[in-house]
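Below are the chains, spelled out letter by letter.
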Amino acid sequence: MILLADSGSTKTHWALMTANGHSQDFYTAGINPVLQSPELIQQTIDHLLTQIGSLLWAGTITNVFFYGAGCTPEKKGLMRELLAKVFKKAQVQVESDMLGAARGLLQREQGIACILGTGSGSCFYDGEQIAATVPSLGFILGDEGSGATLGKRLVSDALKNQLPMELKEALLKEYNITQADVIDRVYRQPMPNRFLAELSQFCARHIEQPAIRQLVYDHFDSFVKRNLLQYEMKKVSFVGSIAFYYKDILEVVLLDNGLTLGTIMKDPIEGLKTYHQSDLVPTL
């Protein structure tokens with residue numbers, strides 16, 4: 001049995017896979033070792049155990065493959081240590097969510113893979129590892145195309161009266177927030193990227209409004225120009241809820257920049273199940 005994880009800043013999708021081909025999925029809060037303390041990460045892992053505990057017996061999990069946001073070279077060791085404490089008899093591998101997206105989307109074929117979820121990222125994948133990447137830099141310095149940056153642009157435009165007044169009023173009413181609330185959530189409360197990504201859902205509900213549609217177009221255009229045009233390949237594949245729900249606008253932006261859309265997956269876990277099928281071995 002192996003345990004797979006695709007973890008973003010908002011949620012973690014886990015999957016238990018058995019050698020006979022069965023799998024079962026579970027969900028917890030997101031894990032990001034750059035933004036969260038080891039204690040908070042441990043609480044999330046403990047929550048997973050309450051869900052899968054009845055399915056485990058000694059020695060059954062042989063491998064853990066964790067693909068996560070914030071799993072930089074500096075943070076991989078911490079995540080590996082936290083997971084190894086719980087899954088003592090398993091080999092634990094920790095990689096970036098970007099590599100997970102690439103493997104889920106492209107398997108063992110080379111290509112351009114992107115994440116457009118709470119955060120964003122892109123890479124050229126050589127069929128096994130990431131060969132080139134443009135740094136995402138997080139929602140303050142970058143993360144173009146992400147839910148967090150879309151929410152940041154939306155609420156900034158609303159509060160600075162760059163959107164029609166009826167849209168500004170609708171945004172504040174739908175989320176029951178004031179300008180003071182926004183400042184508090186962004187500058188004083190933990191995980192402001194989650195809050196901003198939640199605000200971005202307003203765009204999906206009001207996409208028929210020309211101002212919102214233009215905002216989303218410009219958002220994706222910035223991602224393409226600042227990231228994707230640095231790669232030589234023209235076909236681009238995506239994972240993540242932002243890419244999934246705004247597919248029509250994203251495809252137009254790609255075409256306008258001379259690129260073509262490959263695969264879009266809301267979640268890479270099914271692709272990762274296929275990729276790691278060869279790692280399954282019978283357990284006694």
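Refer to the structure printed above.
I will try to describe carefully the structure that is included in this document. Treat the numbers as computed from the prediction; the structure is a model and nothing was measured. (Residues numbered from 1 in each chain as written. Predicted model: local features only at pLDDT ≥ 70, side-chain atom pairs only at ≥ 80, totals over all residues. Heavy atoms only, no water.)

**Some points on the overall build of the protein chain**
Here comes step 1: Each helix and strand counted, the protein chain has 12 helices and 10 strands in total.
Here comes step 2: Relative to the globule expectation of 19 Å for 284 residues, the C-alpha radius of gyration of the protein chain, 20 Å, shows essentially globular dimensions.
Here comes step 3: A buried classification covers 51% of the 284 residues belonging to the protein chain.
Here comes step 4: By sequence separation, contacts in the protein chain at least 24 residues apart represent 66% of the contacts at least 6 residues apart.
Here comes step 5: In the structure as shown, the protein chain presents an accessible area of about 13400 Å², 53% of it carried by carbon and sulfur atoms.
Here comes step 6: Separation of charge centres in the protein chain, based on 26 positive and 30 negative side chains, amounts to 3 Å. (Helix = DSSP H or I, 4+ residues; strand = E, 2+ residues; numbered from the N terminus. Rg over C-alpha atoms; globule rule 2.2 N^0.38 Å. Buried < 20%, exposed > 50% of the residue type's maximum accessible area, 1.4 Å probe, protein only. Contact = heavy atoms within 4.5 Å. Areas by Shrake-Rupley, 256 points an atom, 1.4 Å probe, with all protein chains shown as cover. Lys, Arg positive; Asp, Glu negative; His and termini not counted. Charge placed at Lys NZ, Arg CZ, Asp CG, Glu CD.)

**Thoughts on the pattern of salt bridges**
Opposite charge on two side chains makes pairing possible when the charged atoms of those side chains draw close.
Here comes step 1: Scanning the model with the defined rule gives 10 salt bridges in all.
Here comes step 2: The salt bridge involving Glu128 is made with Arg103; its shortest N-O contact spans 3.3 Å. One end of the pair, Glu128, is in the loop between strand S7 (120-125) and strand S8 (130-133); the other, Arg103, is in helix H3 (residues 97-106), and 25 residues separate them in sequence.
Here comes step 3: Relative accessible area serves as the criterion here: at 36%, Glu128 is assigned to the partly exposed category.
Here comes step 4: What makes Arg103 buried here is its relative accessible area of 5%.
Here comes step 5: Here Lys225 and Asp221 are joined by a salt bridge, their closest N and O atoms 2.8 Å apart. With Lys225 and Asp221 both in helix H9 (residues 210-226) and four residues apart, this pair spans about one turn of that helix.
Here comes step 6: Accessibility expressed as a relative area gives 45% for Lys225, which makes it partly exposed. (Salt bridge = Lys/Arg side-chain N within 4 Å of Asp/Glu carboxyl O.)

**Considering the sheet that holds S7**
Here comes step 1: As summarised here, the arrangement of the five strands in space is S8-S7-S6-S9-S10, forming an open sheet in which the pairing is mixed. The open sheet has two edge strands, S8 and strand S10 (260-265), and neither has a second partner. Across the sheet, the mean angle from the axis of one strand to that of its neighbour is 30°, orientation sign disregarded.
Here comes step 2: In the packing of helix H11 (residues 247-256) onto the sheet, the strands contacted are strand S6 (111-116), strand S9 (235-239) and S10, and the crossing angle to S10 comes to about 155°. (Pairing = 2+ DSSP bridges. Axes fitted to C-alpha atoms, helices over the stretch in contact; angles between N-to-C directions.)

Shape descriptors only; they carry no functional weight alone.
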